[in-house]
Amino acid sequence: MAGRGLGLLSRKDVSAHLVDHLRALGEAAELCEGRVDSDALGEARRVVDQADRRLAFSGSATVVALAGATGSGKSSIFNALSGTTLATVGVRRPTTAHAMACSWGEESAEELLDWLQIPRRHALAVDPETDAALDGLVLLDLPDHDSTELDHRLEVDRLVQLVDMLIWVVDPQKYADAAIHDRYLKPLAQHADVMMIILNQVDKLSVMQREQCLNDLRRLLDSEGLAKLPVMAVSAATGEGIEALRVTLAQRVSEKQSAARRLAADVSVAAVRLSAASGTTKVTPLGRSSSDQLTTQVAIAAGVPVVTEAVGKAWRLRGGLATGWPVLAWVAKFKPDPLRRLHLDRLGVGRRRKEIDPSQVGRTSLPATSGVQKARVDTALRTLADQAAQDLTRGWADGIKQAARSAEDELPDRVDRAIATTDLDLADHQRWWQLIRVLQWLLVATVLVGLGWLALSFLLAYLQLPPLPKVTWWGLPAPTVLAIGGVLAGLLVAGLARIGVEVGARRRTTKARQLLRAAIARVTGELVIEPVKAEQARYESARLALERARG
């Protein structure tokens, strides 16, 4: 809607400020969709659309409407200005059932009047000597705003929103009538540049009465915030002030800025109203603590403590198999690997996360989330959303809270997959295991050599054959030293290696915790933090756009 009209706003009779303000208002209306009161939003869109259409039809024309109460004499002023008797004059009852138009100039105002839905219209030829300055004027005679007919009042309300300039005609008896002041003048205070008050029938007043009446009207207008609204005294019956009024209208027509001024006032009022509905407070940036708290609770609910504990146990089990005394270590093969039990060993040794296709990884076998854990995650989400929506209006606050939970159903699966596809850094840091393993098998070979030597000596003695040469080390038989020393050395190496495995297990546990938190933080960042920040950015864009629209 906004984009379609902005092309028309580049006409030379509209200031660049109006173009920018209208564009900003249209942008703000789009951004506020679904987050702001529908009435304020609808008014902003109506103003943008009205500017579009108004400048599309006879952009050089100036539409001036005469409005007033029954018996104020606006129809008489219409006739006096147009030099015709087109308007029916009445005193006791409304005689203007439908708006009537009179236009000056060669340029046709038919399309503009069609848009205004004015059924009664009359075009006047411009007299070069007397009417040249009025070329482009479209004068409307509106129904009475206090008419007993509802249709008449609705017609006035409709056209008051559309015309470029409003001339309110009042009389000495009803110039202070609340019907015109409360319903029209006060609400249109921001449009004082495109309005004026005509005090008609001053011929019925004495000089003192006229001065008192004008002073009282001025005081009343000033008290209502209408100090800039000009007041003019005329008499349609005697013609007093009519020429001065024609000169004023001629000046407005020659400036060709009444439409722009009216639209600028409309934009400003609509922007102020939309700002009040949307809010003017700057957003509160998301704090690190809220994001960290959310990550922590999601990690706990997803079973990260279980995984990190399994990493430590798996490292100890695998380290024991690799560095333990082979004669006893084989027993550990019958123990289940904690990571395999959780289905966290399917990535293959040494594969990096960037090489993993998530679609090829199934779910883990981590324990189901408990009710308490779900409640803590929910609390963390609510806390984060509340902080992000701090001091914002209800519509935007609700939008941020919905954004925080927009992927709530998807979050558990994505977190589980993130855990399953995280490289837990178990493939590296094992080179020393291989050295210990070689050493242990060398010690096993030593034991076997010693036992073999002893067995051969026993066999030779049993068969009463010549014995092997006697070899002693440190005063002990060499075979005994090999057999018993190999066993003791193997157990000692296994014990020392166990210390290194334990240190590594703790490091791998800490590293796994960090890796898993980082993986979960990426998921919560994508599914929670980014949508919240996007909603905050949308609010900020709307707020700044409304600042530009207000000028």
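Structure first, text after, so check above.
Small disclaimer: the values here were computed from a predicted structure and weren't measured. Here the residue numbers are simple positions, counted from 1 along each chain's written sequence. For a predicted model such as this one, the threshold for reporting local features is a pLDDT of at least 70, and the threshold for listing and counting side-chain atom pairs is 80 or more; totals across whole chains, interfaces and linings nevertheless cover every residue. Excluded from the side-chain calculations are hydrogens and water; all other atoms, namely the structure's heavy atoms, are used.

Engineer: Looking at this structure, I do not really get the pairing of strand S4 (residues 137-141). What am I missing?
Structural biologist: Successive side chains on a regular strand alternate, one facing one side of the sheet and the next facing the other. Here the term buried applies to any residue with accessible area under 20% of the maximum for its type, exposed to any over 50%, and partly exposed to those in between, with areas from a 1.4 Å probe on protein chains only. Helix numbers and strand numbers start at the N terminus; a helix is a DSSP run of H or I with at least 4 residues, a strand a run of E with at least 2. The buried fraction of S4 is high, at 5 of 5 residues. Neither face of S4 is exposed, since Leu137, Leu139 and Asp141 on one face and Val138 and Leu140 on the opposite face are all buried. A pair of strands is considered paired only if DSSP assigns at least 2 bridges between the two. Note that strand S1 (residues 62-68) and S4 share 5 bridges and pair parallel. Looking at S4, one finds that Leu66 is bridged to Asp141. The pairing of strand S2 (residues 100-104) with S4 spans 4 bridges and is antiparallel. Looking at the pairing, Ala101 lines up with Leu140 of S4.

Engineer: Is there a simple way to think about helix H11 (residues 288-302) in this case?
Structural biologist: For an α-helix the count is 3.6 residues per turn, leaving residues at separations of three or four pointing the same way. What a helix should span is 1.5 Å times the count of its residues minus one. Relative to the 21 Å expected for 15 residues at 1.5 Å per residue, H11 spans 21 Å between its end C-alpha atoms, a close match to the ideal helical length. Looking at H11, one finds that the buried residues are Ser290, Ser291, Leu294, Thr295, Gln297, Val298, Ala299, Ala301 and Ala302. Buried residues along H11 sit against helix H12 (304-323), helix H15 (371-388), helix H17 (411-420) and helix H19 (478-550). In the segment just after H11, Gly303 is the residue with positive phi, at about 95°. The criterion used for residue contact is that any of the two residues' heavy atoms lie within 4.5 Å.

Engineer: Looking at this model, I keep getting lost on the side chain of Arg54. Mind explaining?
Structural biologist: Among the structural elements, Arg54 can be located in helix H3 (residues 38-56). Residue Arg54 is classed as buried on the basis of its relative accessible area, which comes to 2%. Polar contact criterion, stated in full: a pair of N or O atoms within 3.5 Å, where within protein one must be able to donate a hydrogen and the other to accept it, and residues adjacent in sequence count only if both atoms are side-chain atoms. A distance of 2.7 Å separates a polar side-chain atom of Arg54 from the backbone oxygen of Ala61. Reaching out from Arg54, the side chain makes a polar contact with the side chain of Asp164 at a distance of 2.6 Å.

Engineer: Mind showing me how you'd approach the packing of aromatic side chains here?
Structural biologist: Aromatic rings from Phe, Tyr and Trp, taking only the six-membered ring of Trp, are treated as a pair when their centres fall within 6.5 Å; an angle between ring planes under 30 degrees marks them as stacked, one over 60 as edge-to-face, and anything in between as tilted. Applying the stated rule across the entire model yields 5 aromatic pairs. Taking the centre distance of 5.3 Å and the plane angle of 75° together, the rings of Trp396 and Tyr539 count as edge-to-face. Placement of the pair is Trp396 in helix H16 (residues 394-404) and Tyr539 in helix H19, with a sequence separation of 143 residues. With a centroid separation of 6.4 Å and an interplanar angle of 70°, the aromatic rings of Trp473 and Trp474 are classed as edge-to-face. Owing to a relative accessible area of 34%, Trp473 belongs among the partly exposed residues under this scheme.

Engineer: In this structure, what is going on with the nonpolar core? I would like to understand it.
Structural biologist: As a rule of thumb, nonpolar side chains are buried together in soluble globular proteins. Nonpolar core, defined: a set of buried Ala, Val, Leu, Ile, Met, Phe, Trp, Tyr and Cys residues in which side-chain atoms within 4.5 Å join the residues together. In this structure, Leu25, Leu274 and Ile419 are the most contacted members of the largest nonpolar core, which totals 76 residues. Beyond its immediate stretch of four places on either side in the chain, Ile419 contacts Ala302, Val304, Val307, Leu344, Leu366, Leu516 and Ile520. With 38 residues, the next largest nonpolar core counts Ala61, Val138, Leu166 and Met195 among its residues.

Engineer: Looking at this structure, I do not really get the pairing of S2. What am I missing?
Structural biologist: Within S2, 5 of the 5 residues are buried, which leaves it mostly tucked inside the rest of the structure. The side-chain alternation of S2 yields two buried faces, one formed by Met100, Cys102 and Trp104 and the other by Ala101 and Ser103. Bridge analysis of S2 against strand S3 (residues 120-124) gives 5 bridges, and the strand direction is parallel. From the neighbouring strand, Ala101 faces S3, where its bridge partner is Arg121.

Engineer: Would you take a moment to explain the packing of H17 against H19 for this structure?
Structural biologist: Relative placement of two packed helices is described by the angle separating their axes and the distance separating the axes. The angle between two axes is taken between their N-to-C directions and runs from 0 to 180 degrees, where each axis is a line fitted to C-alpha atoms and a helix contributes only its stretch in contact. It is the contact of H17 with H19, at a shortest axis distance of 9 Å, that shows an interaxial angle of 150°. Taken together, the axes of H17 and H19 lie roughly antiparallel to each other. Here H17 and H19 pass one another in a crossing that is right-handed. On H19, the residues touching Leu411, Arg414, Val415, Ala418 and Ile419 of H17 are Leu516, Ala519, Ile520, Val523, Thr524, Glu526 and Leu527. An angle below 35 degrees is treated as roughly parallel, one above 145 as roughly antiparallel, one from 65 to 115 as roughly perpendicular, and anything else as oblique. It is the rotation of the near helix from the far one that decides the hand of a crossing: anticlockwise by less than a right angle makes it left-handed, clockwise makes it right-handed.

Engineer: Got a minute to help me understand a nonpolar patch on the surface in this structure?
Structural biologist: A grouping of Leu456, Phe458, Leu459, Tyr462, Leu463, Leu465 and Leu468 is seen on the molecular surface, where their side chains present a nonpolar patch of about 710 Å² in accessible area. Among the structural elements, Tyr462 can be located in helix H18 (residues 431-462). Relative accessible area serves as the criterion here: at 62%, Tyr462 is assigned to the exposed category. Nonpolar side chains (Val, Leu, Ile, Met, Phe, Trp, Tyr) within 5 Å and like charges within 9 Å form the patches, drawn only from residues with over 30% relative accessible area and no salt bridge. A 1.4 Å probe and the Shrake-Rupley method give the accessible areas. Residues count as covered only by the protein chains that appear here. We define a salt bridge as a contact between a side-chain nitrogen of Lys or Arg and a carboxyl oxygen of Asp or Glu at a distance within 4 Å.

Engineer: Can you help me understand the pattern of salt bridges in this one?
Structural biologist: Side-chain pairs of opposite charge can arise whenever the charged atoms involved come near each other. Tallying each qualifying case throughout the model produces 34 salt bridges. Among the ionic pairs, Asp146 bridges to Lys174, the shortest N-O distance being 3.5 Å. Linking Asp146 in the loop between S4 and helix H6 (150-160) with Lys174 in the loop between strand S5 (165-170) and helix H7 (178-185), this pair joins segments that are 28 residues apart in sequence. Of the charged contacts, one joins Glu526 and Arg414 as a salt bridge, the two residues approaching to 2.8 Å between their closest N and O atoms. Here Glu526, found in helix H19, pairs with Arg414, found in helix H17; they are 112 residues apart in sequence, far enough to count as distant.

Engineer: What's the story with the packing of H16 against H19 in this structure? I'm lost.
Structural biologist: Interaxial distance between H16 and H19 falls to 7 Å at its minimum, and their mutual angle equals 155°. Classified by the angle between their axes, H16 and H19 sit roughly antiparallel to one another. As H16 runs across H19, the sense of the crossing is right-handed. Of H19, the residues touching H16 (which contributes Trp396, Gly399, Ile400, Ala403 and Ala404) are Leu527, Val528, Pro531, Val532, Glu535, Gln536, Arg538, Tyr539 and Ala542.

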